[in-house]
Structures are given as structure tokens and as C-alpha cells.
Amino acid sequence: MALLEVRNISKTFRGLRAVAEVSFDVPEGGIVALIGPNGAGKTTCFNMIAGSFRPDGGTVTLAGRRIDGLRQDQICHAGIGRTFQIVRPFAQLTVEENVIVGALNATGSVSVARGEARRALDMVGLGPKAGQMAASLTLPERKRLEIARAMATHPRILLLDEVMAGLRPLETDQMVQVFRTLNRETDLTILLIEHVMRAVMALAGHVIVLNHGETICAGPPEQVVRDPAVLECYLGEEAL
Amino acid sequence: MIQALFDWPTPRALAVWAALAVCLLLAPLVVGSYALSVLVLVLYFAYVGQAWNVMMGFAGQLSLGHSLYIGVGAYVSAVLFVRYGVSPWAGAVAAMAICAVIGAVIGFLAFRFSISGVYFALLTIAFAEFSRIGFDHISFVGASAGLFLPVAQRTHNDLLHLRGSPVMFYYVMLALSALALFLCRALRGSKTGYYWLAIREDQEAAQALGIDIFGYKMRAVVLSAAMTSLGGVFFAFYYNNLFPEQIFAINRSIELILGPIIGGLGTLVGPLLGAFVLTVLAESLRSATDALGLNLPGLQLLFYGVCLMVVIIFLPNGIWPALKGRLGFDDDRRSGD
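Residues numbered from 1 in each chain as written. Chains lettered and ligands numbered in written order. Predicted model: local features only at pLDDT ≥ 70, side-chain atom pairs only at ≥ 80, totals over all residues.

### Here we look at the overall build of chain A
Point 1. Secondary structure assignment for chain A yields 9 helices and 10 strands.
Point 2. Computed over C-alpha atoms, the radius of gyration of chain A comes to 17 Å, within 12% of the 18 Å expected from 2.2 N^0.38 for 240 residues, which places it in the range of a compact globule.
Point 3. Seen through its C-alpha atoms, chain A measures out along the principal axes to roughly 50 × 40 × 35 Å.
Point 4. Counting only residues that meet the buried cut, chain A has 47% of its 240 residues in that class.
Point 5. Within chain A, counting contacts between residues at least 6 apart in sequence, those at least 24 apart form 64% of the total. (Helix = DSSP H or I, 4+ residues; strand = E, 2+ residues; numbered from the N terminus. Rg over C-alpha atoms; globule rule 2.2 N^0.38 Å. Buried ≥ 20, exposed ≤ 12 C-beta atoms within 10 Å, placed from the backbone. Contact = placed C-beta atoms within 7 Å.)

As C-alpha cells, then:
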């Protein structure tokens, strides 16, 4: 049984079918990427899994437990951590306090949470900025803060929504390294939405391509990037 | 939360706090009766400001109707005392319980139906206003003619029944504001405190991090309401007369939020500092105009308005955040030092 099982989820916004009958599995310890052109329904899928939106139909199951229809905080407790595509730092709190809030999901003790926060911040390279206000961070730093905060909740599966966007190639490689380490050492399962193919190819063991709310292709990354339908709608012929 | 209580501030901050505590404890021995009455007001505003700050400064829920809790707190304890001879301390417990329930009802209505921001503020005003009108017509509590507590010359202070000299009231208020400060400090460093700040900053992100937004906002409203009602109990026994038109009035709600806003929203020292600055300046202004023989009704409100504008323009985060760095202590954000 896969850790996360998504079955036929759909979402319609005022007549626009954003996601139509999408199904996929994320195996325990796996890294799965969700790719596709803008407006393909990737973030809508994420929002349904994480509980921001209730699916119109279909089911989401985490480790055998139905989680669709639960509130976001309940889903977080169940073990799903997420980042937001448009970053949402707690601007008037320090970087460390931001992550402490995340870490408190798994503990009632602020001092334990502070320790967890330090660890998460060191992992994403924000350790030296712990005492700064989150408002003072640059966009790439805010993205890393989102990751540290979500990781600090101790999720079983981490949903990453375009965390590589806006990073330089070197920073992307560092980030890829962070996720690889996490995945290998803590067996953290990752589902990511990503446009940066460099990161997708380096990380994902399985890729799902969405277009107009439907799955058009799924498989190992090497196979997906050669799929004619994917090339046509998303990557373009020059990707070959 | 307990641990946060013993998490000492920096030595320098501790020294300042100790000096302030000594000054406040010895003040009644030094100052005259007028200055003492001003200090009582300062402490009263520091206390209710602290209580309001739990809701707005910590959890980000704007209440413009806190006069409701002051009024209900005052009336509950006064009626119990006048009609049934119940000690104000027992009355205070009843007042806190009733205000907690009222806060829970308002919070439930608002948060269950996702009323937030200015609409939430309007809801709080509405509750305060219809309580004012309601109390105006309840003859059991004196209706619009007011409710009066018996005032008799006493040779000694009766702390049990809160009858006595201004000095006694000063120490009662000092104890209350000190307790409120400690409570807020402990809360600020606790899981609940962190969750409130997260909700204040971004509800959606907070929820995605596992925070039960409804539950934590309810906690803030209930606690703030219960704390504020104690301010009302004090008000009743200090002033000995209650009129719905005055105690539930919106300007009473406004004046109690000015201290924390001017002092520094969401900080622990802000309500105390703001109350001190505003009350002392306003009283000086009043004595100055009195001395000049001027009779200018409404001048105090105008003055509050000017203070608010000056602070918003020059110190948008309030006086305390600007002052704190210069004084070299940083106890509000222990993790940031």
C-alpha cells in the first residue's frame, strides 16, 4: 500500500474544471514530482491533498486513513507538511520563531521546539539568520524558511510547491542535496510541484504530468521527458 | 508555560524592572492624593490594556467592544454585593465566568461563520451597544438611573469587601496589573502564545502548520474577556457608581485600547508604558487648562487623537519597540537576542 493514495480527485471552479479525475500513488520513502504547464491543476491538487480545498469528488488516503474533507490542521496532524507557492512567512516573527511554530505541531514544549527549529534551519542553511525578522528575508530565503517550517512539523510526507523557482542553479543543486539527504536519512516521503526540470530529474523517482486538469503521462523521469504528448504541451521539442 | 515564568530577562532588564517595582510599591508613601489617583488610573489602564492585548496584540482579533466586559464585570460584582452582600472577590469569580461565556458566544458566532477583521470589530461594538441599551432598561440593576454602592467613612481598610482608602485600591490595582503582566509573559513564551502570534500573522499558513485556528482564537477571546471583567469589578468598587451610558460607552472601549497601541501592540511592556504616557499627559493637560481657567470639554479626546496620530506617523510599532533597543533589553523576544 502506498503512503499517499489519490483516487479520482476533481475540483471545479465556477464551471472551470481545474482538476478532473486525477489519481496517483506516492510510495513510502519515495519522491514523486507533479509537473505540467501553468494552469494544469498542480497547485489545486496540492490544495486538495493538504486540505485548503475540499475535493468535489474522489478520495485522498494517507497510510490507509481517509483525509479528504478534513481541516488543514487535522491533515497536518495526520502527517502532511506543505509549503505555499506564494510564500507565507509570519513576517513580524523572527525566522526561528516561524519554525518554532511549525515544530510545536509535534511537541508541547517550546524548548524542544526551539531545538528542532535550529536543526531545521541549519539544514536549509538559514541558521545564521535565526534571529532576524522573517520580513527581512529575500525571496529565496523565504522559500527555504517555508521548507524549514514545514519540515519542523515532522510530516510523513512533505508537499513542496515550486520551492526551486527563483533559485540560481547552484542554489537549486544545494536544495536538491538537502532533500536527498532528508529522504535518505529520515525516509521522508516527498511530493513536489516543480518547473525546474534540473531539480525534477535529479530528485524524482516518478513523475506525473498534468495538463488541463488531467493526467497525460506518468512514469520514470527519463521516460516522461521523451513522451510526445508531454513534449508538445509542456517541455517543447527542444527539450530533446 | 511554567518554565517561561522562570526564564529570566537580561540582568539589565531585571534591574530596570526591580527599580520600577520598588518605585511603584513605595509611591503611595511619597505622592499626594491627586497623584495617587492618577497612578491608580495608570494601573487600571495598564491592566485592561494588557487584557485587550491578549486578543489583539497576540491573536490579532480586533475588539472595539471591550467596554462590554468592563460593564458586565462591574454590574455583576456590584449587584451581588449590593443586593446579596456577596464579597467582591466572589463576585469577581462570577463576573469572570459570565464574561468568559459572553466572550465565548461572541467568538463562536464570529469564528464559526468566518467573520474577521473590521466585521469582527463591528460585531464586538454591536454587543457592547446592545448591552448598554439593555442595561438602561433593567430596573433590577437601577436602569438608566444608575447603581450605587454604599459609601461610608471607615476607619480601616476592608480588603475582603473592597471598601477603603485610595491607597488600598492602588495596591489592589498594582497587584492585578503585575499578575496580568506575569500571566501574559508566561503565555507569550508558551505554545499557546506562539500559536496566537502565528494566527495573527497569517491564518492560512498557521492552519497548514497544524494549528486549530478556531480553538486558539476562542481561547484568546475567552481569556481576554475574563481578564477585562476584573477591571470592571475594580471600576465598580473604586468609583461606587455605575451608569450604563458611561460604562458600556464606546469611548470606554476606545480609551482602553489606546495604551497598548501607543505603547506597542503585542508587546508585554506596551500596555503599561502606553497607559502611563497617555494618562499622565492627559492629566497634566487637564491640570494645565484648569490652572489657566479654561473650560474645554472634549479636549482630552482631542489630545488622545493627536497622540495616536503622532505615534502612528513616527513610531508605527509603538513606543516600546523603539525604546527597547536603546535601553538595551529585549525581553519580549527572548529568542531574538
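### Concerning the overall build of chain B
Point 1. What chain B contains, in helices and strands, is 15 helices and 2 strands.
Point 2. Taking 20 Å as the expected radius of gyration for a compact globule of 337 residues, we find that chain B reaches 20 Å, a close match to that expectation.
Point 3. Seen through its C-alpha atoms, chain B measures out along the principal axes to roughly 55 × 45 × 40 Å.
Point 4. A total of 337 residues make up chain B; the buried ones form 46% of that total.
Point 5. In chain B, the proportion of contacts linking residues at least 24 apart, taken out of those at least 6 apart, comes to 77%.

### Focus: the nonpolar core
Point 1. Ranked by size, the top nonpolar core spans 168 residues in total, and within it Ala148 of chain A together with Met173, Ala198 and Phe234 of chain B carry the most contacts.
Point 2. In contact with Phe234 of chain B, not counting residues within four places along its chain, are Tyr44, Val172, Met173 and Leu176 of chain B. (Core = buried A, V, L, I, M, F, W, Y, C linked by C-beta atoms within 7 Å.)

### Thoughts on helix α5 (residues 88-112) of chain B
For the α-helix, the turn length of 3.6 residues means that residues three or four positions removed from each other point alike.
All names here are of chain B.
Point 1. Over its 25 residues, α5 extends 34 Å from the first C-alpha to the last, a length consistent with the 36 Å expected when each residue adds 1.5 Å.
Point 2. Within α5, the full set of buried residues consists of Pro88, Gly91, Ala92, Ala95, Met96, Cys99, Ile102, Gly103, Ile106, Gly107 and Ala110.
Point 3. Buried residues belonging to α5 abut α4 (67-84), α6 (118-135) and α10 (213-239). (Expected span 1.5 Å × (residues − 1).)

### Let's talk about the interface of chain A and chain B
Point 1. With 27 residues of chain A at the contact, the number on the chain B side is 21 residues.
Point 2. Contributing elements (two or more residues each) for the side of chain A that touches chain B: α2 (72-78), α3 (95-103) and α4 (110-123) of chain A.
Point 3. Here the side of chain A that touches chain B is composed, by residue class, of 10 nonpolar, 10 polar and 7 charged. (Nonpolar A, V, L, I, M, F, W, Y, C, P; charged D, E, K, R; others polar.)

### Description of the sheet that holds strand β4 (residues 57-62) of chain A
Residues and elements named next belong to chain A.
Point 1. Spatially, β2-β1-β4-β5 is the arrangement adopted by the 4 strands of the open sheet, whose pairing is antiparallel. Both edges of this open sheet fall to β2 (16-26) and β5 (65-66), since each of them pairs with a single strand only.
Point 2. The strands touched by helix α1 (residues 42-50) are β1 (4-13), β2 and β4; relative to β1, the strand with the most contacts, the crossing angle is about 115°. (Pairing = 2+ DSSP bridges. Axes fitted to C-alpha atoms, helices over the stretch in contact; angles between N-to-C directions.)

### So, the environment of Gly108 of chain A
Point 1. Along the chain, Gly108 of chain A falls in the loop between α3 and α4.
Point 2. For the pair Gly108 of chain A and Asn98 of chain A, spaced 10 residues apart in sequence, the C-alpha separation works out to 16 Å.

### Regarding the packing of helix α3 (residues 33-58) of chain B against α10 of chain B
All names here are of chain B.
Point 1. Two elements in contact, α3 and α10, have axes separated by 9 Å at closest approach and are oriented at 170°. By the angle between their axes, α3 is roughly antiparallel relative to α10. Once α3 is placed against α10, the crossing between them reads as left-handed. Contacts from Tyr44, Tyr47, Val48, Ala51, Trp52, Val54, Met55 and Phe58 of α3 reach α10 at Ala220, Val221, Leu223, Ser224, Met227, Thr228, Gly231 and Phe234. (Parallel < 35°, antiparallel > 145°, perpendicular 65-115°, else oblique. Left-handed = near helix turned anticlockwise from the far one by under 90°.)

### Here we look at α1 of chain A
All names here are of chain A.
Point 1. Where burial is concerned, most of α1 is hidden: 9 out of the 9 residues are buried.
Point 2. Within α1 the residues assigned to the buried category are Lys42, Thr43, Thr44, Cys45, Phe46, Asn47, Met48, Ile49 and Ala50.
Point 3. With its phi angle positive at about 95°, Gly51 sits one or two positions after the end of α1.

### Points about unusual backbone geometry
Residues and elements named next belong to chain B.
Point 1. Residue Ser114 is not a glycine yet carries a positive backbone phi of 50°.
Point 2. Of note, Ser114 is situated in the loop between α5 and α6.
Point 3. Since 10 C-beta atoms lie within 10 Å of it, Ser114 is described here as exposed.
Point 4. Its identity is not glycine, yet Leu162 carries a phi of approximately 50°, on the positive side.

### Here's the deal with the pairing of strand β8 (residues 189-193) of chain A
Remark: a regular strand shows side chains that alternate across the two faces of the sheet.
Residue and element names in this part refer to chain A.
Point 1. Counting buried residues in β8 gives 5 out of 5 residues, a clear majority hidden from the surface.
Point 2. Residues Thr189, Leu191 and Ile193 point to one face of β8 and Ile190 and Leu192 to the other, with burial holding for every one of them.
Point 3. Where strand β3 (residues 31-35) meets β8, 4 bridges bridge the pair, whose relative direction is parallel. Bridge pairing in β8 links Val32 to Leu191.
Point 4. One crossover worth recording links strand β7 (residues 157-161) to the parallel β8 by way of helix α6 (residues 169-186), and it is right-handed. (Right-handed = clockwise from strand over helix to strand, strands pointing away.)

### A look at the pairing of strand β9 (residues 206-211) of chain A
All names here are of chain A.
Point 1. In this sheet, β9 lies alongside β3 in parallel orientation, the contact comprising 4 bridges. Following the sheet pairing, Leu34 is matched in β9 by Ile208.
Point 2. Between β9 and the antiparallel strand that follows it, strand β10 (residues 214-219), lie 2 residues; His212 among them carries a positive phi value of about 45°.

### Focus on the sheet that holds β10 of chain A
All names here are of chain A.
Point 1. One open sheet holds the 6 strands; their spatial order is β6-β7-β8-β3-β9-β10, and the pairing between them is mixed. Where the open sheet ends on each side, the last strands, each with one partner, are β6 (80-82) and β10. Pairwise comparison of adjacent strand axes, ignoring direction, gives a mean angle of 20° for this sheet.
Point 2. Against the sheet, α1 engages β3, β6, β7, β8 and β9, with an angle of about 150° to β7.

### Here we look at the packing of helix α8 (residues 191-201) of chain B against α10 of chain B
All names here are of chain B.
Point 1. For the pair α8 and α10, the least separation of the axes is 10 Å and the interaxial angle reads 105°. For the element pair α8 / α10, the angle class is roughly perpendicular. When α8 is examined against α10, the residues Thr192, Tyr195, Trp196 and Ile199 are found in contact with a partner set consisting of Ile213, Tyr216, Lys217, Arg219 and Ala220.
Point 2. The residue inventory of the contact of α8 with α10, partitioned by class, reads 6 nonpolar, 1 polar and 2 charged.

### Some remarks on the environment of Val280 of chain B
All names here are of chain B.
Point 1. With respect to the helices, strands and loops of the structure, Val280 is situated in helix α13 (residues 270-291).
Point 2. Taking the C-beta count within 10 Å as the criterion, Val280 has 15 such neighbours and is therefore assigned partly exposed.
Point 3. As for Val280 and Val42, which are separated by 238 residues in sequence, their C-alpha atoms are 7.7 Å apart.

### Examining the environment of Leu188 of chain A
Residue and element names in this part refer to chain A.
Point 1. As for its placement among the helices and strands, Leu188 is situated in the loop between α6 and β8.
Point 2. Linking Leu188 and Leu158, residues 30 residues apart in sequence, is a C-alpha distance of 7.3 Å.
Point 3. Dropping the residues within four chain positions of it, Leu188 is found in contact with Leu158, Leu182 and Asn183.

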